[in-house]
Amino acid sequence: MELYTNLRQGEKGAWLSIGTYLILSSAKLTIGYIGTSEALKADGLNNTTDIIASIAVLVGLRIAQRPPDSNHQYGHLRAETVASLVASFIMLVVGLQVLVSSLKSLWEPTGTTPSLLTAYVAIGSAVIMYVVYRYNLALSKKIKSAAVKAAAFDNRSDALVSIGTAIGIFGAIFGFPIIDSLTALIVAFLIIKTAVEIFWEAVQSLTDAFDIDEVETLSVLIRNVDGVMELLDFKGRAHGNMYFIDVTVTVDPYLNVFESHRITEEIEHTIMRENRFCQVLVHIEPHIIPPQNEEKSPTN
């Protein structure tokens, strides 16, 4: 099934993030220690937490590929959304750590001057993480994966952190250590903002929220299906990148079973042409015209 194939492709993005974070965190912690840069060492520690977030995304994608069973009739696709939720929590913790650290450094500036090498490492890390971000973002759009999208935004946040680290190091080298703290403060707010956005999107999905524009688009398509007389009810929910649609329509009450079934199939095909990752359940009811209210003649 194409859906599960896409989830397996999503694992590539998670593995890429894990491998990149392992290499960069090791390099930053080592060079940060040798070059006496607290900012670079903090950035390296930040990447170690990102490894956990990427592993959570990978586990979520693996669980989401499990087929339906007796306890999960709709499959395990929401494990992907739970992985996004976990990633948002980790990003939020990192953002708060950067925020607290930057506020402390504003009040208690350090007098040490880091090595120029640490700034180059930070710049190189930012470039690498931006490339990983672009890859994972393109992959998430291709396979419509919320978890890979969350991983991509985490990659972007790390690229911003590394840019802030480089600016702070250059500021310290040229005698303006406050630039480090101010840049880190801005980066912290960007990370927190991204974490909140991912969290909100995951919560909306887990609470069965459904895009209003998507409802309106699909409702118009259903009403235009030949044989549909009225759309009585439309319900939708998302499990990962899979939509489950429940529709109730009315048809001519004098149609036979075969003709009514043809209408349900046409509705299913119409919705799946709009989004192929859908499971559609159509309920048919006879169309009943309400009786007209007869005007009573005035009594003498």
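Because the structure is predicted, anything quoted here is derived from the model rather than measured.

Reading fine detail from the predicted coordinates is not recommended where pLDDT is low. Taken over all residues, the pLDDT of the chain has a mean of 84, while the share at 70 or more is 93%. Here helix H6 (residues 178-206) stands out as the least confident element of the chain, with mean pLDDT 81; helix H4 (residues 116-143) is the most confident, with 92.

Before going further, it helps to examine the pattern of salt bridges. Throughout the structure, instances matching the rule amount to seven salt bridges. Notably, a salt bridge pairs Lys 28 with Asp 43, separated by 3.1 Å at the nearest N-O pair. Here Lys 28 is found in helix H1 (residues 2-34), whereas its partner Asp 43 is found in helix H2 (residues 38-64), with 15 residues between them in sequence. Assigned by exposure class, Lys 28 and Asp 43 land together as buried. Notably, a salt bridge pairs Arg 273 with Glu 266, separated by 3.5 Å at the nearest N-O pair. What makes Arg 273 exposed here is its relative accessible area of 60%. Residue classification places Glu 266 among the partly exposed positions, given a relative accessible area of 29%.

Before going further, it helps to spend a moment on the nonpolar core. As a rule of thumb, soluble globular proteins bury nonpolar side chains together. Counting 27 residues, the largest nonpolar core has Val 57 and Leu 61 as the members making the most contacts within it. Counting only elements with at least two residues in this core, the list comes to H1, H2, helix H3 (78-107), H4, helix H5 (146-173), H6 and strand S2 (242-251). Considering every element that reaches this core, the biggest residue donor is H5, with six residues. Not counting chain neighbours up to four residues away, the residues in contact with Val 57 comprise Ala 14, Ala 83, Ala 87, Ala 147, Val 148 and Ala 151. Counting residues in hydrophobic clusters, the runner-up holds 19 residues, among them Ile 263, Ile 267, Cys 278 and Val 282.

Time to look at unusual backbone geometry. Although it is not a glycine, Asp 208 sits at a positive phi angle of roughly 65 degrees. Residue classification places Asp 208 among the partly exposed residues on the basis of a relative accessible area of 34%.

What follows concerns the environment of Trp 107. Checked against the element boundaries, Trp 107 lands in helix H3. Trp 107 gets classed as exposed once you look at its relative accessible area, which sits at 77%. Residues Trp 107 and Asp 154, 47 residues apart in the sequence, show an inter-C-alpha distance of 29 Å.

It is worth spelling out the sheet that holds S2 at this point. Strand order across the open sheet formed by three strands is S1-S2-S3, with mixed pairing between neighbours. Only two strands of the sheet have a single partner each, and these edge strands are strand S1 (230-239) and strand S3 (278-286). Sheet twist, expressed as the average angle between the axes of neighbouring strands with direction ignored, equals 10 degrees. Two strands pair when backbone bridges link them, and S1 and S2 are joined in this way by nine bridges, in the antiparallel orientation. Across the sheet, residue Glu 230 finds its bridge partner in S2, namely Thr 250. Sheet strands touched by helix H8 (residues 257-274): S2 and S3. Its angle to S3, the strand with the most contacts, is close to 145 degrees.

Moving on, we get to a nonpolar patch on the surface. Residues Leu 103, Leu 106, Trp 107, Ile 163, Ile 167, Phe 174, Phe 176, Ile 178, Ile 179 and Leu 182 make up a contiguous nonpolar surface patch of roughly 1,000 Å² in combined accessible area. Breaking the nonpolar patch down by element, the ones donating at least two residues are H3, H5 and H6. Within the fold, Leu 182 resides in helix H6. Judged by its relative accessible area of 42%, Leu 182 is partly exposed.

When you line up the elements, Thr 165 lands in helix H5. Residue class for Thr 165 comes out buried when judged on its relative accessible area of 7%.

Inspection of every chain in the model, using the stated rule, returns four aromatic pairs. When the centroid spacing of 5.7 Å and the interplanar angle of 50 degrees are considered together, the rings of Phe 89 and Phe 199 count as tilted. Remark: Phe 199 occurs in helix H6 and Phe 89 occurs in helix H3; sequence separation between them is 110 residues. Both rings, one in Phe 210 and one in Phe 234, keep their centres 6.4 Å apart while their planes meet at 50 degrees; by these two values the pair is tilted. Here Phe 210, found in the loop between H6 and helix H7 (212-223), pairs with Phe 234, found in strand S1; they are 24 residues apart in sequence, far enough to count as distant. Of the two residues examined, Phe 210 and Phe 234, each falls in the buried class. Every member of this aromatic cluster is reached through a ring pair, and the members are Phe 210, Phe 234 and Tyr 243.

What counts, and where the lines are drawn
Residues numbered from 1 in each chain as written. Predicted model: local features only at pLDDT ≥ 70, side-chain atom pairs only at ≥ 80, totals over all residues. Heavy atoms only, no water. pLDDT = per-residue confidence, 0-100. Helix = DSSP H or I, 4+ residues; strand = E, 2+ residues; numbered from the N terminus. Salt bridge = Lys/Arg side-chain N within 4 Å of Asp/Glu carboxyl O. Buried < 20%, exposed > 50% of the residue type's maximum accessible area, 1.4 Å probe, protein only. Core = buried A, V, L, I, M, F, W, Y, C linked by side-chain atoms within 4.5 Å. Contact = heavy atoms within 4.5 Å. Pairing = 2+ DSSP bridges. Axes fitted to C-alpha atoms, helices over the stretch in contact; angles between N-to-C directions. Patch = residues over 30% accessible without salt bridge, like charges linked within 9 Å, V, L, I, M, F, W, Y side chains within 5 Å. Areas by Shrake-Rupley, 256 points an atom, 1.4 Å probe, with all protein chains shown as cover. Phe/Tyr/Trp six-rings, centres within 6.5 Å; stacked < 30°, edge-to-face > 60°.

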